[in-house]
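Below, each chain spelled out in residue letters.
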Amino acid sequence: MENGVLEFDIGLGVGDDGIGIEPPNDDEQMHDGSPNDANSLGSGSGDSAFAYHTYIPEGDLDLEPYEGMEFESEEAAKAFYNSYARRVGFSTRVSSSRRSRKDGAIIQRSFVCAKEGFRNLNEKRTKDREIKRPRTVTRVGCKASLSVKIQDSGKWVVSGFIKEHNHELVPPDQPFRDTVTFDTTYRSNRYRLPFVPFTGLNHHGQPVLFGCAFLINESEASFVWLFKTWLAAMSGRSPLSITTEYDAVIRSAIMQVFPSTRHRFCKWHIFKQCQEKLSNVLLKHPHFEATFHKCVNLSESAEEFECSWHSLIDKYDLRDHKWIQAIYADRRQWAPVYLRDTFFAEMSITQRSDSMNSYFDGYVNASTNLNQFFKLYEKALESRHEKEVKADFDTMNTSPVLKTPSPMEKQASEFYTRKLFVRFQEELVSTLTFMASKVEDDGEVTTYQVSKFGEDHKAYHVRFNVLEMRATCSCQMFEFSGLLCRHVLAVFRVTNVLTLPSHYILKRWTRNAKSSVILEERVTDPFNSYLESHTVRYNTLRHEAFKFVDEGAESVDSYNVAMAALAEASKKVAIAIKKDGKTFMTNGPMRDVSAKGGVWPNHCTGEGQGSSAQQLSEDDMDQKINELSVDLDRANRKCEVYRTNLLSLLKDIEDHKQRLSIEVQNIKLSMKDGL
């Protein structure tokens, strides 16, 4: 027998991909049938992967339901409709059922689109109740459904099928994709099981199971079959990235089945092989391993890695070592510096993925036999689910401690799950020790050099397009983990971007990862909205003004037209500002322009010189005084913010020292007790 038995968790839990999912009413059950959302794949715990034994013929993958279609069981009908829904682009829910009057057995079942019905049927009854936080409407009365009923033969037949939806479907050709770990170490390590799970990370960074299999052997044909079968269960949507052990056979199978997927070899598996392949070197040179890890983990660029690598192998005379030559040839598939441009859901380059070889830790060991495994498997799933539920509860019902007065920190605390917020908070607080200096500006994109205070030799470069509110950093942390780095946040700080643009809040890391609510580009506080958009307004105006100047200077006629237009625009802007009860001094960067350029030229305003110019000069002096007063007040506020931040940081350091002191004392006491 070439291939082994494969059994999947078709449901992957309730609402795993977060498209159109709502909590079921009463005894309704929700089943996700939608394409995987890029921001939320991996959210949710898996139910038993051995709960459904569903056979899906390869030729039937594109089959559409029709009246009279037969299934062996109700579960088979449900699985087929879920598969169809995933392919088309919507989610399903078990709706109604009919039971036999004789024995109470279910004889008819209806599966509906998750957007069937309306949520607020009792809204009139509760109109006097204060609604503090209106819920997004996700049920729109969709009529799409599939009904099945049991026959005398015991088979289930489709008795009704409504294909049309009254809402947009998620395009199946846009799987908004995520990262997956394929773990074969359960076969080769102490567990001694031919067991291979597909795992990932949920919105709390916890391991989540996508599916699993038992393989008779580890041939290329077995892996190709396994990947194809799993891909079919995922409605043909391959993962964005996949992490496996360092194995040439697995790589070949992945290249055949997942050609568009970024394949990474587990770095920690290579480190483990290093201890085996270079044991004699480690015995002879105790510092080699630390140097090797530093070369791999701390290189900031490909050039730095190459230089460190060649220096390392020359120092320890390893240039002709076959294993060293092999991993160097494959360096682009395991060295972090070559992989940072792809999403792997890891919070740092040096972090070991929690999903790699850890999902079943504590449940499966060397003495576990196959019969015991199934019971322990269920316990592991239940434990993981309980941990996710607890993390959800903590996120929704407790408030994190804010360390700065930053609106961005408060915003992040309301969006992110607790673990992800703490990680973001670390990056945000770290910006206090970083300096961002403008080094280039082409009118659209501004480049900043960002470095830690006193470490100018180790600088990062951030390119910031203010018009689009998009920034990229040379460290590529956002691309790799989905969280903004301290370097981009430092640039946001110096450019007065006080809240996170919505495209930098990945839904898969938020508390709403399993819901259908789309993050909106919004700031509810008008003051914060003004602060956030001011830089955008200024830079947009500057960008348009540069184009206006270029065109207006083409000829004398265009110059005169341009100056007249500026004069008219100046009057209208002044009127608009008076209506708003504002002055130029409140407009930040715009005030700087007027300060540098002075008032409009007299020939531009159409006024003569003399007393008129003297009057403008007096007004300008008053404006300057007001501006300086505002600047002084702003500087005082900034100093207060920095002082508060510094005190908070010092307090955290002091608390950490205190905890370490307590731990040291406990260790000393335990050592004394042992003696």
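Being a predicted model, the structure only gives us computed values, none of them experimental.

Draft legend 1. Looking closely at the overall build of the protein. In terms of helices and strands, the protein carries 19 helices and 16 strands. Burial status across the protein gives 44% buried among its 675 residues. Counting every atom, the protein has about 36,700 Å² of accessible surface; 54% of that belongs to carbon and sulfur.

Draft legend 2. Region of the structure containing the sheet that holds strand β15 (residues 459-465). Pairing in this open sheet of four strands is antiparallel, and the strands run β13-β14-β15-β16 from one edge to the other. Unpaired on one side and paired on the other, β13 (434-441) and β16 (470-473) mark the two borders of the sheet. This sheet shows a mean twist of 25° between the axes of neighbouring strands, independent of strand direction. Strands β13, β14 (445-452), β15 and β16 of the sheet are contacted by helix α14 (residues 486-494), whose axis makes an angle of about 75° with β13.

Draft legend 3. Looking closely at the pairing of β16. Side chains of β16 alternate between two faces, with A471 and C473 buried and R470 and T472 left unburied. The hairpin turn running from β15 into β16, its antiparallel successor, is four residues long, and M469 in that turn takes a positive phi close to 55°.

Draft legend 4. Representation of the confidence of the model for the protein within the structure. Across the protein, the average pLDDT comes to 75, with 69% of residues at 70 or higher. Taken together, the stretch residues 1-61 has pLDDT below 50 and engages in 202 contacts with residues farther than four places along the chain or on a different chain. Confidence drops under a pLDDT of 50 for residues 121-136, and excluding neighbours within four residues, the segment shows three contacts in the predicted structure.

Draft legend 5. Looking closely at the UniProt feature "domain: SWIM-type" (unreviewed entry) in the protein. Within the UniProt annotation, "domain: SWIM-type" (unreviewed entry) is assigned to residues 460-496. End C-alpha atoms of residues 460-496 are separated by 20 Å, and the span's content is 38% helix alongside 27% strand.

Draft legend 6. Molecular detail of the packing of aromatic side chains. Within the structure shown, the criterion is met by 37 aromatic pairs. Taking the centre distance of 5.3 Å and the plane angle of 45° together, the rings of F195 and F214 count as tilted. On the criterion of sequence distance, the pair formed by F195 in strand β9 (residues 195-201) and F214 in strand β10 (residues 207-214) is long-range, its members being 19 residues apart. We note that F195, like F214, is buried.

Draft legend 7. The nonpolar core, seen in detail. Membership of the largest hydrophobic core comes to 39 residues, with the highest contact counts inside it found for Y416, F424, F464 and F492. Elements supplying a minimum of two residues to this core: α11 (407-415), α12 (418-430), β13, β14, β15, β16, α13 (477-481) and α14. Here the element with the most residues in this core is α14; it accounts for five residues. F424 has contacts with M408, A412, Y416, L483, L489 and L500, leaving out every residue within four places of it along the chain. Of all hydrophobic cores here, the second largest spans 25 residues; its members include F271, V281, Y316 and W323.

Draft legend 8. Broad picture of the packing of helix α5 (residues 267-277) against helix α7 (residues 288-298). Viewed as axis vectors pointing N to C, α5 and α7 meet at an angle of 155°, and their least axial separation amounts to 12 Å. The orientation of α5 relative to α7 falls into the category roughly antiparallel. You can see that α5 and α7 cross each other, and the crossing is right-handed. Contacts from K267, F271, C274 and Q275 in α5 reach F288, E289, F292, H293, V296 and N297 in α7. For the contact of α5 with α7, the per-class residue count stands at five nonpolar, three polar and two charged.

Rules used in this analysis
- Residues numbered from 1 in each chain as written.
- Predicted model: local features only at pLDDT ≥ 70, side-chain atom pairs only at ≥ 80, totals over all residues.
- Heavy atoms only, no water.
- Helix = DSSP H or I, 4+ residues; strand = E, 2+ residues; numbered from the N terminus.
- Buried < 20%, exposed > 50% of the residue type's maximum accessible area, 1.4 Å probe, protein only.
- Areas by Shrake-Rupley, 256 points an atom, 1.4 Å probe, with all protein chains shown as cover.
- Pairing = 2+ DSSP bridges.
- Axes fitted to C-alpha atoms, helices over the stretch in contact; angles between N-to-C directions.
- Contact = heavy atoms within 4.5 Å.
- pLDDT = per-residue confidence, 0-100.
- UniProt positions renumbered as here; feature names shortened; annotations may be inferred.
- Phe/Tyr/Trp six-rings, centres within 6.5 Å; stacked < 30°, edge-to-face > 60°.
- Core = buried A, V, L, I, M, F, W, Y, C linked by side-chain atoms within 4.5 Å.
- Parallel < 35°, antiparallel > 145°, perpendicular 65-115°, else oblique.
- Left-handed = near helix turned anticlockwise from the far one by under 90°.
- Nonpolar A, V, L, I, M, F, W, Y, C, P; charged D, E, K, R; others polar.

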